[in-house]
Structures are given as structure tokens and as C-alpha cells.
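What the coordinates show
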Amino acid sequence: MRKRWRGAWLLLLALETFGFREGDPEEPTGLMCYQMGPSGGMNCTWPSRTGPEANTTYTLHYQSLKFKRNQTRSSQAPAGQSWVVIGRSSLTHNENYAVWVEAGDGTQITPRLTLTPHEIVKPDPPVLSLVDVTPVVTVTWTNPQWPQHFSPDLACHLRYRVSGTPNWTRVHEEDVEPNIYEFSSLEPFTAYEVQARCIPRDRKGFWSDWSPSQTFRTPEAALLGLVDVWRVASPPESGETSLLLLWKPLNSEAARGVIRSYSLAFRSGSNSSESLESACCNVSLPSRTTHVWISANNHVGRTQPAYLSLERQDLPAPAGVRAAAVHGQDLLVTWEPSKDPLEGEPTEYLVEWAEECSSSKAASLDWVRRPAGTHSALLTGDFRPRVPYQVRVYGLYPGGFGASAPVRAYIQEGVPSAGPQGLQDHSISKEASIISWEAIPLAQRNGHITHYTLYLATPTESPQTYQPIAATETSYNLSGLEPGTSYQLWMTGSTSAGEGNASSIHLFHTPDSRWEVVLASLLAVGFLLFLACVLGAVLHVQLLDLCQKVLPSWCWEKVPDATHSRIMLHEVDRDPHSYRGPLVRAKAAEEPPITELHIAEPAEHVNHGYSTLLQLESPLPARPHGAGADDGPGSKPRTEKLGPSSPTLEEAWGEQAPVISGYEKHFMPTLEEVLGLA
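Predicted model, so just to flag it, every value in this text is computed and none were measured.

Two aromatic rings, taken as a pair, are described by how far apart their centres are and by the angle between their planes. One pass over the full model with this rule turns up 20 aromatic pairs. With centroids separated by 5.6 Å and ring planes inclined at 75 degrees, the aromatic side chains of tyrosine 394 and phenylalanine 401 adopt a geometry described as edge-to-face. It is arginine 159 that lies over the ring of tryptophan 168; its NZ or CZ is 4.3 Å from the centre.

See the structure below:
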């Protein structure tokens, strides 16, 4: 028994090795011949040589083995052709033939093949037709012509597939009735194509070619599933932000027909619900909308309404969101679960992505849903290399949702196409400067910036490199510079793909050291002057006392100015009409009148409020003309005793009495100085 199983196993291995497998007998690996229909010629094909012998001339030999024994005939194929057709008139019915092929040099390239023409017939394909497609698809076909003296009848196979797909589904032969078949379990409202082929029922022959495809579409059916709906905040129009509701069209498996419209119902807070009909696949709603229901309609029915709650948008959100490229085509997004003590875990997660540099977020927005308990999603789509995508994960609850912080992702990174912008310098000393810049525009980064590189050069030296500078920095402190030197500065950014293009060159000049000394000197002098002013304002009284003690009196005492004295000495002419004002002498007078003063006792009679000088010498009031001969210029001096009863200066001058202030009294001569005693 063991030997029998071993022999069977070796037989199966040989069949597998030499190409004998279940299926079509018209796929041999060597010489193959078949008769083209019951009345056609015999077509033989064989493998051709390659390389320099590709244009070899082949000759087919066929030898009779039954009626005309050892009669051999030949048919030569054109150069390079590996097939030949032998006419039906050259063949005898029920004759056995030995067939082989030789090359132009007489070398036999195929083994001898023994055959009988009526047993290698390949029928023509059948002709298909449709009987009905509602409610069940029924297909019929017409067999090709088949003579009665051949094997009794043909057996046919059917196969079908969804139009545009590569894989066929074969119908089992026992399920096929003669020349008719009813399809079942086909998808509604789906395009199909069907083909048929036939073979003699006793299998002595070859399968025909597959017939041309017959196409049909199944009828519509009730819709399945729910509409996948989401929302995005649209830019404000007419001063108010509106809500843009988005949804995906149902796929063909769920639509099961032509979608005529979408029915929407929405509610804002406690207000009553409003409804509307819309085409695919977006509509603007009031920004205060809190509840949305949507369903799709075809000619048979509508889907169950899909519900989206917008009542709360601050619920706990997923954390730790990460996005990484997979094989340069997809994005793998992972996150940590979000749980709320009151709400619990979200009923499902929604992963949203859009091009970050797109002018319209809604135009590039896409999303996928993942059930509760999953913490990753593989995003597939039409991702473009070097384009930044913003990814966000939402936790959806019955009463609203929570959104994670957005993350930026690239499907494939490239080098930056530009460098940092707006380079500026700020000197902090003659040997150091602070360099500041603006980040590379997002559309020109082409990837995640890993670091910056700064290049510094002088007209006579090669550039110096300063790296790496963190991608988050916007300034850098350059030290060790030469005073009074011109520098050239430029920067680049780098991603995982490498270093990018350089920025524009920035020129700057370090300050000269002598200007620094001059500036420091000016600042020091100014500070000292300011300090002196402050001290003078605070200690001026003490400084004046110190000056009076140290310096001579003429340095700090004030000298009276006679022109601004408030003492007015008036000369009164004898003629009362000749008054010329204070300190003015008449031109005709050769000398002023002299008044002699005699000091009378007692000395305690002193004018009130004046100095110890009893009376000032002053001319008396003029008398009328003709008062006496002694009034002339040649008369003797007149003396008058000033006693206790003499009128004071105020009484003598009346309203025009001179005012003597304390300033004049302080600087007037003392009595001893007047009498010459001092």
C-alpha cells in the first residue's frame, strides 16, 4: 500500500512538472495542433527560437499511420513564423497522423505528436443573448454548428465579472441548463459582463474561444448603510461665520441605484427642526446649528438618517497624536484614547486631514472613521510629496465632540526651496552682533525643518559655518567678530532630505573701537555734569556758606549798581520851573549850592527808619524870585541847624521823597566814614 501511494505521488509530481494540470487542454508547452471547426483545416503551433536563430525557417511534417501508412507530407512556414495551417483537403477523416517540426538545418525541434483530426476539433464560440434583467438576469446562447457524425453534443461553460475588474467568476457546469442560465446573488445596480465557451461533451477536442462579452446592469434596490457626514467652519460671510456641512457620496454597494437627492434636517438649540433637500455633497447651515440628520434617496427608498451632534465641541479629545509616512504613499496616524468620567470613551473616532497651504480647506478636506477601542488609522488617498498636511483626531460623543491639537505631516520630504527670510543684525559690541530672521514660508519648506545653518564671510576670507541652529530659534548671537569689518551673511534650512537653498545675502559692518571710546567719554562727561547739577541743586546753601568762608569778599559779595539805585537825589533850581530830574545839573550852574550841616544834640533824635546819619545834604526848596540878593550864585553858603524840631526828609520832600531800602542802607557809608574818622 505504501508503494502505491508513493507511485501516485510521483505521478502527480510528474504531471505538475510537465504542465499537465486541470483546466484548458489548449495550453501545452510544446507542439500543439487542433482542427478549426468540424470542416476547417488543422492549425499547428510550436515554440520558436530566439536570438540569432529567430528567423529560422521551420517545416511541419505529418505522416499517415492508418490508411496511407508511412506517407509523409510537409508544410513549410515562412521564415521566423512558428505556426502553419494544413488545409482540410490534405487530411483524411478518422486517419491517425504523426506530426513533428524540423528547423532549417534539419534538426527536429519537437517530439512526434500522434493525433486523429476529428478528435482535436476546436468549436467556434457560442452566441450570447439576454432574455430579461428584471427582476432576475437570464442569459441564453446558441451553440455553433456541430455535425451529427461527430461526438454527440457540446458542453458549455459560463463566466462573469463586474465590468472593469480583472477577476472572473466561473459558473459550475452542473448548474448550467442547456443553452440558458439565470443569475442570482448579483449586486444591485451593477454593470456585469458574461462570456461562454463550448467543448465536445466527451472532451475529445478543445475548448472554443470565449465568446464576445455580453454586458448588462442589474436593477436598483433599497439603499444600505448611512451617509458619512462631517462639518467644517467656513470663512465669515456678511459678518457671520457659517457652518459648512460636508458628506461623502455613497459608494455603489450602498447606493444600489441612482441617488436622486439628500434629505437634511437640522436644529439650533431648542428651536424646532428645519429640513431641506440638497444635491451632493455640501450645504451651508447657520453657525448656531447643534443637531444634524441626513439621508440619501434613490428610486426605491432612502437610507436611515445619519446623526451628527454639534451641541458641545469642548469634550475630552484624543492626545499624543502622531502621523508618519508609510512607504511614501500613506500616512499612519496613532493617538492615545480619550476618556471622560461623565461621557466615557467616545463612541467612535474621526481622523481628518487637509492640505495646510490650500486656499480652501473644504476643497482638500477628507476624513475616515474608526470604531471605539481603536487608536490608529492608515490614511490612503491622493497624497502629494513635499506638501504639508494638517492632521487632527476627533473623539465623537452622543452630545458633541472633542478635537485634538493639529499635527503636520508629509508623505515625502524634500529640501527647502528657500532660506530664512528678513535677515537683520543688531550690534551689541564691537565684537558681537545678534542676527535675527523670519522662518521659511510653509509652502517652501517641503518638509519638517530640522535645523538652520548660518554662513559668515568677509571679502578676504572663506565662509565660516555656524550649525546646527535649532529650528525653533529666530535669532543667533555672533561673537568673536573683528571691529570695523564688513561681513556677508546668509542662511539655509535643512530637512530630513538635506540642506535647502540659501537665503539672500545680508551685509553688515561692525562698529569701530575709537567711536566706542569717544562715545564712552561723552557719556562719562555727561554723567558727571548731571551729577554736579543734582548736587548743586541739593547742597546749594552749604556751597554758598563754604564760598563765603574760603573766597575773598569781592568774589562773592554783590556790588551795588548806581544806575539801578532807588535813591533819587534831586537838584532843585531856584527857579521852580527849572527841575530837570534826578542827578541832572543845570548847564548854566558852575557849581552846586553848598549846604552846611551842624549836628545838634541830643543824639537820640534820629529819623525814624534810617541810618545813624541824621540828615543828608540836599538843596533846600527854592524860594521865589527876588527873595534876596544873597540868592545869587555868588552869595555865601547858607547854614541851617537841624535840631530835634527840624523837618524830616519825608516832610521836606513831601510825596517826592526818595525811598531808601535796606539794600542801599547796607552799602551806604557809616558816620565815621563821612566824618573822616574811619
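Still to come is the rest of the account.
A few words on the sheet that holds strand S23 (residues 319-326). Taking strand neighbours across the sheet as the criterion, the 3 strands line up as S23-S24-S27 in an open arrangement whose pairing is antiparallel. Each end of this open sheet is capped by a strand with a single partner; those strands are S23 and strand S27 (376-379). The mean inter-strand angle of the sheet, taken between neighbouring strand axes irrespective of direction, is 15 degrees. In the sheet, strand S24 (residues 330-336) pairs with S27 via 4 bridges, with the strands oriented antiparallel. Across the sheet, the residue bridging to threonine 334 is serine 376, located in S27.

Side chains that differ in sign of charge can pair as their charged atoms come close. Tallied over the entire structure, the rule returns 10 salt bridges. A salt bridge links arginine 161 to glutamate 193, with the nearest nitrogen and oxygen atoms 3.0 Å apart. Remark: glutamate 193 occurs in strand S14 (residues 191-200) and arginine 161 occurs in strand S11 (residues 154-162); sequence separation between them is 32 residues. In this structure, arginine 384 and glutamate 355 form a salt bridge, with 2.9 Å as the shortest nitrogen-oxygen distance. Residue arginine 384 is found in the loop between S27 and strand S28 (389-397), and its partner glutamate 355 is found in strand S25 (residues 348-355); the two are separated by 29 residues along the sequence. Overall, the relative accessible area of 42% leaves arginine 384 in the partly exposed class. Where salt bridges share partners, they join Asp228, Glu348 and Arg369 into one cluster.

Among the structural elements, threonine 59 can be located in strand S3 (residues 59-64). We classify threonine 59 as buried; its relative accessible area is 17%. Residue contacts for threonine 59: discarding those within four places in its chain leaves Ser74, Ser75, Gln76, Trp100, Val101 and Glu102.

The next thing to look at is the confidence of the model for the protein chain. Mean pLDDT over the protein chain works out to 79, with 75% of the residues at or above the 70 mark. Note on residues 568-574: pLDDT under 50 across the span, and 26 contacts to partners over four residues away in sequence or across chains. Taken as a whole, residues 603-644 scores under 50 in pLDDT and shows 64 contacts with residues more than four places along the chain or in a different chain.

This next bit is on the nonpolar core. Counting 32 residues, the largest nonpolar core has Trp230, Leu245, Trp247 and Ile294 as its most contacted members. Ranked by the residues each element gives to this core, the list is headed by strand S17 (residues 243-247), at 5 residues. In this structure, tryptophan 230 is in contact with Leu244, Leu245, Leu246, Leu308, Leu350, Glu352, Leu365, Trp367, Tyr394, Leu396 and Phe401, ignoring residues within four places of it in sequence.

Moving on, we get to the pairing of strand S36 (residues 486-495). The element S36 is extensively covered by neighbouring structure, given that 8 of its 10 residues are classed as buried. In terms of strand pairing, S36 meets strand S38 (residues 506-509) through 4 bridges, oriented antiparallel. Counterpart to leucine 489 in the pairing with S38 is histidine 506. Here S36 pairs with strand S37 (residues 498-502) via 3 bridges, running antiparallel. Each residue of the ladder has a partner; that of threonine 495, found in S37, is glycine 498.

Let's shift gears to the pairing of S17. Among the 5 residues of S17, 5 are classified as buried, and the element is accordingly described as predominantly covered. Of the two faces of S17, both are covered, the one formed by Leu243, Leu245 and Trp247 as well as the one formed by Leu244 and Leu246. Two elements, strand S16 (residues 229-233) and S17, share 5 bridges in a ladder whose sense is antiparallel. Considered in S17, the bridge of arginine 231 is made with leucine 245. For S17 and strand S20 (residues 282-285), the ladder comprises 4 bridges, and the chain directions are antiparallel. Each residue of the ladder has a partner; that of leucine 243, found in S20, is leucine 285.

This next bit is on a nonpolar patch on the surface. Taken together, the side chains of Phe527, Leu528, Phe530, Leu531, Val534, Leu535, Val538, Leu539 and Leu543 present a nonpolar region at the surface, about 850 Å² in accessible area. The dominant element in the nonpolar patch, judged by the number of residues it contributes, is helix H4 (residues 513-538), at 7 residues.

Reading guide: rules and limits
Residues numbered from 1 in each chain as written. Predicted model: local features only at pLDDT ≥ 70, side-chain atom pairs only at ≥ 80, totals over all residues. Heavy atoms only, no water. Phe/Tyr/Trp six-rings, centres within 6.5 Å; stacked < 30°, edge-to-face > 60°. Lys NZ or Arg CZ within 6 Å of the ring centre and 35° of its normal. Pairing = 2+ DSSP bridges. Helix = DSSP H or I, 4+ residues; strand = E, 2+ residues; numbered from the N terminus. Axes fitted to C-alpha atoms, helices over the stretch in contact; angles between N-to-C directions. Salt bridge = Lys/Arg side-chain N within 4 Å of Asp/Glu carboxyl O. Buried < 20%, exposed > 50% of the residue type's maximum accessible area, 1.4 Å probe, protein only. Contact = heavy atoms within 4.5 Å. pLDDT = per-residue confidence, 0-100. Core = buried A, V, L, I, M, F, W, Y, C linked by side-chain atoms within 4.5 Å. Patch = residues over 30% accessible without salt bridge, like charges linked within 9 Å, V, L, I, M, F, W, Y side chains within 5 Å. Areas by Shrake-Rupley, 256 points an atom, 1.4 Å probe, with all protein chains shown as cover.

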